[in-house]
Protein chains: 4
Amino acid sequence: MGRAWGSEVQSREEKFELKRQAVLRTAAALFRSKGVENTALSDVADALNISKPTIYYYFRSKDDVLLALIEEAVAQFADAEAHAEDYPLAPGVSNVARMERFLRRSMRILFDEIGTSFPTWLPHLLDGDKRAQLVAIGKPVDETAEKILRDGIADGSFAPSNVTATYRFVIGALRYIPVWQNEHGFTPAEITEEFVAFVMRSVRP
Amino acid sequence: MGRAWGSEVQSREEKFELKRQAVLRTAAALFRSKGVENTALSDVADALNISKPTIYYYFRSKDDVLLALIEEAVAQFADAEAHAEDYPLAPGVSNVARMERFLRRSMRILFDEIGTSFPTWLPHLLDGDKRAQLVAIGKPVDETAEKILRDGIADGSFAPSNVTATYRFVIGALRYIPVWQNEHGFTPAEITEEFVAFVMRSVRP
Amino acid sequence: MGRAWGSEVQSREEKFELKRQAVLRTAAALFRSKGVENTALSDVADALNISKPTIYYYFRSKDDVLLALIEEAVAQFADAEAHAEDYPLAPGVSNVARMERFLRRSMRILFDEIGTSFPTWLPHLLDGDKRAQLVAIGKPVDETAEKILRDGIADGSFAPSNVTATYRFVIGALRYIPVWQNEHGFTPAEITEEFVAFVMRSVRP
Amino acid sequence: MGRAWGSEVQSREEKFELKRQAVLRTAAALFRSKGVENTALSDVADALNISKPTIYYYFRSKDDVLLALIEEAVAQFADAEAHAEDYPLAPGVSNVARMERFLRRSMRILFDEIGTSFPTWLPHLLDGDKRAQLVAIGKPVDETAEKILRDGIADGSFAPSNVTATYRFVIGALRYIPVWQNEHGFTPAEITEEFVAFVMRSVRP
DNA sequence: AATGAATGAGCATTCATTCAT
DNA sequence: AATGAATGAATGCTCATTCAT
């Protein structure tokens, strides 16, 4: 139907979304370096040169920012178009390759602005309501990984193990990476290779 | 020389140490379930039915409680006498067995009152001074593990890998366990077996 | 260019400044009657029927309130327009008259809301950083007085003396006035005359 | 009647008094350098290597320490035997000389351990009860000075002035000396001479 | 004569959140 | 769409004082 001014001028919705994303990315960066509880919304506002209440125009609460962060990360994970080369559920891909894709895709998001905030929030600390939301949001990722593991065990590509536990071990190792990465001067690529090798060695029979 | 009243009646020092331990264990339990930053010292005091300033009689600050927690865990780890069956550095033990001992010993401490607080503090969030202390306290554990890995790779028991990264992956997986353990109803023993298997599969050639 | 609504309706900045001043004056009054360390910011808030955090909207910290108090007093002292009749550095005024002006101007400020808090803070108690700020703020006043004394001694209007010491004696006598003033029922005008006479007798040859 | 052990061994009372004095002098030194309200009794105890409650064996309260400090200073002032050369009320001394003696004696005490704490407490900050005690304790000194001034004015040695105000100016100047003394590197002797000259010039007709 | 242990009361400061504009 | 102003609720920490021993 055409847009007034053409595509040069952003629509209200686009600008809104852009600003929302800016808050999100800034919050993630601060969460990463100071921790969620040690980051005040005023820190986020200051970093963006906006006022504190403005954040409330884009998010209902601080918890809401956190949840949105995770939603965003999961959306990136689930987007089959973007970075199709590591989309795990592409057809015609072996379970071994799927697992590798899962790991690489997770690492890519982890090293992203948004992903670096992962270590600083812990699902079990959220109160019941928020935790349920969180679990629901993360479910596609969890299910993808557990399915790959299950299928791989079934077809003999993987060593038998308790899938739930194995998946949590992997997630734990992954989530902890931003904590020590800087300290030891690894590049994302180096860590990715080490991590993939580490997990795949364990998972293979 | 014998003590008046025998060993039934505790000395002042014993009572002091007992109370200090009580604060420590209570703090750890609360840290575990609410997170370090969401646990006020008044929560700890309330749980013990003592007043808030009393905690300051046993610890200089909240940070000090945290550091003491880690010190205690490291001390348990380094105690060769206690649980000698999983003391990693016992003489005449192969590197494979040492690694297993390291994992089992770490798990035992992790499931302890004190260990369950691990996921809730993140080294990279502490300020320079405290972080240095923390690193110094944890050094014996880190060095033990990295030495075992290095030796095992050298003698062919383990697959070659970047030792630092591998160790951090293991620690990450470990530290994350209390977060999901309850949710999935695993017993400590079950998780321990799964975890040892998971890591050993990855580490062996 | 004129302001909407004329001068009746205050602008945001004016209201801000007015409220800041209210905090300052209230704090000064409380400092005077209870001492700086015995006055809690909540006392100030209560006296103004505002909440404690509101004070933090106008000042960064309690120390900041103190410093602002002194800045304000010095600003009053240095304002050549206001009360021009006792501005010490006006041209064509003899050193004797300048000294008298200095004393009268100081007394006027001392009897003001803000000045009465003087006795309750002691420069030598502030830590290095704040003390440096304090000294810097007060410098114009100190230099004015010492210059007048020096010039007066040079031109024979004043008896020779160590200028630094003499000035400190005067300041000490001055600062102590609010401590005993009420107790002895003197009016500001009476004390001013006595004080000017006391100092001028000492200073003249 | 003779004392057991002769005079070598101190009696209980002597030891008590000695320790009490130690607390007093230590408190005064700390009050001077950190201010009364910023000095905790635990600071005093630490400096003496004793425990906090021990102070309560020698003094009823912190206020009591303060009052004792002043009592001690007044006692030194009123002691006709000690430093008889500047005892103001010695017979056959002119009012001019008496005033000088008063000033020198006050300065001597001010530079003493106990006297240096003067600037840090302000009579008007004490609550009614304590203030009354304080005034009562200081009365001999006040009366001595005011009598000398009155007599001197009566016999023409001094210029007429309001005796109360003049005396307070002198005290204010005096009390402020420890605040700036160190900063400007004056020796006690130098300040004493400047101060006596400053006051005597003002007081003489 | 001295102290270990304990505590009530208080205090500066922070922060998520609200609301009128 | 954005913000200035305001606040309730915490929170870490300090300290004078007490008391049993």
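Please refer to the structure placed before this passage.
Concerning the overall build of chain A
Okay, step 1: Helices and strands together make up the secondary structure of chain A, namely 8 helices and 0 strands.
Okay, step 2: Order of helices (α) and strands (β) in chain A, N terminus to C terminus: α-α-α-α-α-α-α-α.
Okay, step 3: Taking the principal axes of its C-alpha atoms as reference, chain A extends roughly 55 × 45 × 35 Å.
Okay, step 4: A burial count over chain A gives 35% of its 205 residues as buried.

Examining the arrangement of the chains
Okay, step 1: One finds no contact linking chain B with chain C; the least C-alpha distance across the pair is 21 Å.
Okay, step 2: Regarding chain B and chain D, the two do not touch, and the least distance separating their C-alpha atoms is 13 Å.

With respect to the relation of the copies chain C and chain D
Okay, step 1: Each copy superposes on the other: chain C lies on chain D with an RMSD of 0.3 Å after a rotation of 179° and an axial shift of 0.0 Å. Taken together, the rotation and translation describe the operation of a two-fold axis. Judged by C-alpha distance, S202(C) is the residue of chain C that lies nearest the rotation axis, at 1.8 Å.
Okay, step 2: Most of the interface of chain C is mirrored in chain D, where 100% of its interface residues are also at the interface.

Side note on the protein's contact with DNA strand E
Okay, step 1: Near DNA strand E there are 34 residues, and of these P53(B), A40(C), P53(C), S51(D) and P53(D) occur at the shortest range.
Okay, step 2: In terms of residue class, the surface near DNA strand E is built from 16 nonpolar, 8 polar and 10 charged.

Focus on the packing of helix α5 (residues 95-110) of chain B against helix α8 (residues 188-203) of chain B
Residues and elements named next belong to chain B.
Okay, step 1: At a closest axis distance of 10 Å, the pairing of α5 and α8 adopts a crossing angle of 145°. Pair α5 / α8 crosses with right-handed handedness. Together, M99, E100, L103, R104 and M107 of α5 and T192, F195, V196, V199, M200 and V203 of α8 make up the contact between the two elements.
Okay, step 2: Grouping the constituent residues of the contact of α5 with α8 by class yields 8 nonpolar, 1 polar and 2 charged.

Looking at the protein's contact with DNA strand F
Okay, step 1: In the vicinity of DNA strand F, 34 residues are found, and the nearest of them are S51(A), P53(A), P53(B), P53(C) and T54(C).
Okay, step 2: Those elements giving two or more residues to the surface near DNA strand F turn out to be α1 (12-34) and α3 (52-58) of chain A, α2 (41-48) and α3 (52-58) of chain B, α1 (12-34) and α3 (52-58) of chain C together with α2 (41-48) and α3 (52-58) of chain D.
Okay, step 3: Of the residues in the surface near DNA strand F, the class split is 16 nonpolar, 8 polar and 10 charged.

What about the interface of chain B and chain A?
Okay, step 1: Taken together, the 35 residues of chain B in the interface contact 35 residues of chain A.
Okay, step 2: Taken together, the residues that form the side of chain B that touches chain A break down as 18 nonpolar, 11 polar and 6 charged.

With respect to the relation of the copies chain B and chain A
Okay, step 1: Take chain B, turn it by 179°, move it 0.0 Å along the axis, and it overlays chain A with an RMSD of 0.3 Å.
Okay, step 2: Here 100% of the interface residues in chain B have copies in chain A that are interface residues too; the copies meet face to matching face.

Focus on the interface of chain C and chain D
By a widespread convention, an interface's size corresponds to the accessible area lost as its parts come together.
Okay, step 1: Taken together, the contact pairs 35 residues of chain C with 35 residues of chain D.
Okay, step 2: Contributing elements (two or more residues each) for the side of chain C that touches chain D: α7 (163-184) and α8 (188-203) of chain C.
Okay, step 3: Looking at the side of chain C that touches chain D element by element, the count peaks at 14 residues for α7(C).
Okay, step 4: Class assignment for the residues of the side of chain C that touches chain D results in 18 nonpolar, 11 polar and 6 charged.

Quick notes on unusual backbone geometry
Okay, step 1: Its identity is not glycine, yet N49(D) carries a phi of approximately 60°, on the positive side.
Okay, step 2: Take N49(D): it is sitting in the loop between α2 and α3.

Comments concerning helix α1 (residues 12-34) of chain D
All names here are of chain D.
Okay, step 1: Taking 1.5 Å of rise per residue, 23 residues should cover 33 Å, and α1 covers 33 Å from first to last C-alpha, within 8% of that figure.
Okay, step 2: Residues of α1 that are buried sit in contact with α2, α3, α4 (62-78) and α7 (163-184).
Okay, step 3: Of the residues flanking the end of α1, it is G35, one or two places downstream, whose phi is positive at about 90°.

Topic: α5(B)
Residues and elements named next belong to chain B.
Okay, step 1: Look at α5: 22 Å from first C-alpha to last across 16 residues, which is about the 22 Å you get at 1.5 Å a residue.
Okay, step 2: Burial of α5 is extensive: 12 of the 16 residues sit out of reach of the surface.
Okay, step 3: Buried within α5 we find N95, R98, M99, E100, R101, F102, L103, R105, S106, M107, I109 and L110.
Okay, step 4: Contacts made by the buried residues of α5 are with α4 (62-78), α6 (128-154), α7 (163-184) and α8.

Describing the environment of V170(A)
Okay, step 1: Tracing the backbone through its elements, the reader meets V170(A) in helix α7 (residues 163-184).
Okay, step 2: For the pair V170(A) and F195(A), spaced 25 residues apart in sequence, the C-alpha separation works out to 9.3 Å.

Structural notes on the environment of V196(B)
Residues and elements named next belong to chain B.
Okay, step 1: Mapped onto the elements, V196 comes out in helix α8.
Okay, step 2: Separated by 94 residues in the primary sequence, V196 and F102 have C-alpha atoms spaced 9.6 Å apart.
Okay, step 3: In this structure, V196 is in contact with E100, L103 and R104, ignoring residues within four places of it in sequence.

Criteria and cut-off values
Residues numbered from 1 in each chain as written. Chains lettered and ligands numbered in written order. Predicted model: local features only at pLDDT ≥ 70, side-chain atom pairs only at ≥ 80, totals over all residues. Helix = DSSP H or I, 4+ residues; strand = E, 2+ residues; numbered from the N terminus. Buried ≥ 20, exposed ≤ 12 C-beta atoms within 10 Å, placed from the backbone. Contact = placed C-beta atoms within 7 Å. Least-squares fit on C-alpha atoms with pLDDT ≥ 70 in both. Near = placed C-beta within 6 Å. Nonpolar A, V, L, I, M, F, W, Y, C, P; charged D, E, K, R; others polar. Axes fitted to C-alpha atoms, helices over the stretch in contact; angles between N-to-C directions. Left-handed = near helix turned anticlockwise from the far one by under 90°. Expected span 1.5 Å × (residues − 1).

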